[in-house]
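The residues making up each chain are set out below.
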Amino acid sequence: VHGASTLSNIGNVYSDLREYTKALDFYHRCEAIQKTSLGESHPEYAFTLSNIGSVYKNLGEYAKALDYYLRSETIKKTSLGESHPEYTSTLYNIGILYTHRGEYMKALDYCLRCEVITKTSLGESHPMYSA
C-alpha cells in the first residue's frame with residue numbers, strides 16, 4: 001500500500017506540472033495496486049479514481065472523466081457517507097465537468113447537492129462552506 005501512495009504522489013506532481021500522460025501512468029499503476037490490496041470499496045481507491053477523473057477532465061476527455069468521477073462518487077457515498085467533505089468534493093467535480101460538457105442542468109443539480117450537504121453538515125460559518 002505504501003507503494004501505491006508513492007505512485008499517487010508522483011502522479012500528483014506530474015498532474016501539477018500538467019504532464020497528464022505521465023500522471024495517468026502513475027495513477028493507473030496506483031489504481032491497480034489499490035484494487036488488489038484494498039478492494040474496490042475502499043476510500044483510498046475512490047480518491048485515486050477521482051485523481052484519474054481530474055486528469056481526463058484536464059485532457060478534455062470528459063466521458064472518461066465522468067466515468068471515473070461517478071465510480072468514485074459511488075464508493076465515497078457508501079464508505080464515507082454523504083456528509084463527508086470528500087464526497088461533496090466529488091459532487092462538485094462532477095458538476096464542474098457537466099459545465100464543461102455544456103450540460104448545465106446536470107451541473108446545477110450536482111453543485112446544488114454539494115452546497116446543501118456542505119451547508120447542512122458543516123454549517124454556514126465553516127471555511128469550506130464560505131470559501
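Chemist: I'd like a description of helix H5 (residues 85-100), backed by residues and values.
Modeler: Compared with the 22 Å implied by 1.5 Å per residue over 16 residues, the 23 Å span of H5 between its first and last C-alpha is a close match. Looking at the buried side of H5, the elements it contacts are helix H3 (43-58), helix H4 (62-79) and helix H6 (104-122). Where H5 ends, the next residue or the one after it, Gly-102, has phi of about 80 degrees, a positive value.

Chemist: Describe a nonpolar patch on the surface, with residues and values.
Modeler: On the surface, a nonpolar cluster with roughly 330 Å² of combined accessible area is contributed by Met-105, Leu-108 and Leu-112. Position of Leu-108 relative to the elements: it lies in helix H6. For Leu-108, a relative accessible area of 43% corresponds to the partly exposed category.

Chemist: Can you break down the packing of H4 against H5 residue by residue, with the values?
Modeler: Running from N to C, H4 and H5 cross one another at 160 degrees; their axes reach a closest spacing of 9 Å. Taken together, H4 and H5 sit at an angle that is classed as roughly antiparallel. You can see that H4 and H5 cross each other, and the crossing is left-handed. Listed contacts from H5 to Tyr-62, Ala-65, Leu-66, Tyr-69, Leu-70, Ser-72, Glu-73, Lys-76 and Lys-77 of H4 are Glu-86, Tyr-87, Thr-90, Leu-91, Asn-93, Ile-94, Leu-97, Tyr-98 and His-100. For the contact of H4 with H5, a count of residues per class yields 10 nonpolar, 4 polar and 4 charged.

Chemist: An account of the environment of Ile-10 is requested, with residue identities and associated values reported.
Modeler: Relative to the helices and strands, Ile-10 is located in helix H1 (residues 2-16). On the basis of relative accessibility, which here comes to 30%, the residue Ile-10 falls in the partly exposed class. Spatially, the C-alpha atom of Ile-10 lies 9.0 Å from that of Lys-22, the residues being 12 residues apart in sequence.

Chemist: Report on the side chain of Glu-31, specifying residues and quantitative values.
Modeler: Relative to the helices and strands, Glu-31 is located in helix H2 (residues 20-37). Using a relative accessible area of 10% as the deciding quantity, one classes Glu-31 as buried. In this structure the side chain of Glu-31 is engaged in a polar contact, spanning 3.5 Å, whose partner is the side chain of Tyr-45. Among residues more than four places away in sequence, those in contact with Glu-31 are Tyr-45, Thr-48, Leu-49, Ile-52, Tyr-68 and Arg-71.

Rules behind the numbers
- Residues numbered from 1 in each chain as written.
- Predicted model: local features only at pLDDT ≥ 70, side-chain atom pairs only at ≥ 80, totals over all residues.
- Heavy atoms only, no water.
- Helix = DSSP H or I, 4+ residues; strand = E, 2+ residues; numbered from the N terminus.
- Expected span 1.5 Å × (residues − 1).
- Contact = heavy atoms within 4.5 Å.
- Patch = residues over 30% accessible without salt bridge, like charges linked within 9 Å, V, L, I, M, F, W, Y side chains within 5 Å.
- Areas by Shrake-Rupley, 256 points an atom, 1.4 Å probe, with all protein chains shown as cover.
- Salt bridge = Lys/Arg side-chain N within 4 Å of Asp/Glu carboxyl O.
- Buried < 20%, exposed > 50% of the residue type's maximum accessible area, 1.4 Å probe, protein only.
- Axes fitted to C-alpha atoms, helices over the stretch in contact; angles between N-to-C directions.
- Parallel < 35°, antiparallel > 145°, perpendicular 65-115°, else oblique.
- Left-handed = near helix turned anticlockwise from the far one by under 90°.
- Nonpolar A, V, L, I, M, F, W, Y, C, P; charged D, E, K, R; others polar.
- Polar contact = N/O pair within 3.5 Å; in protein donor to acceptor, adjacent residues only side chain to side chain.

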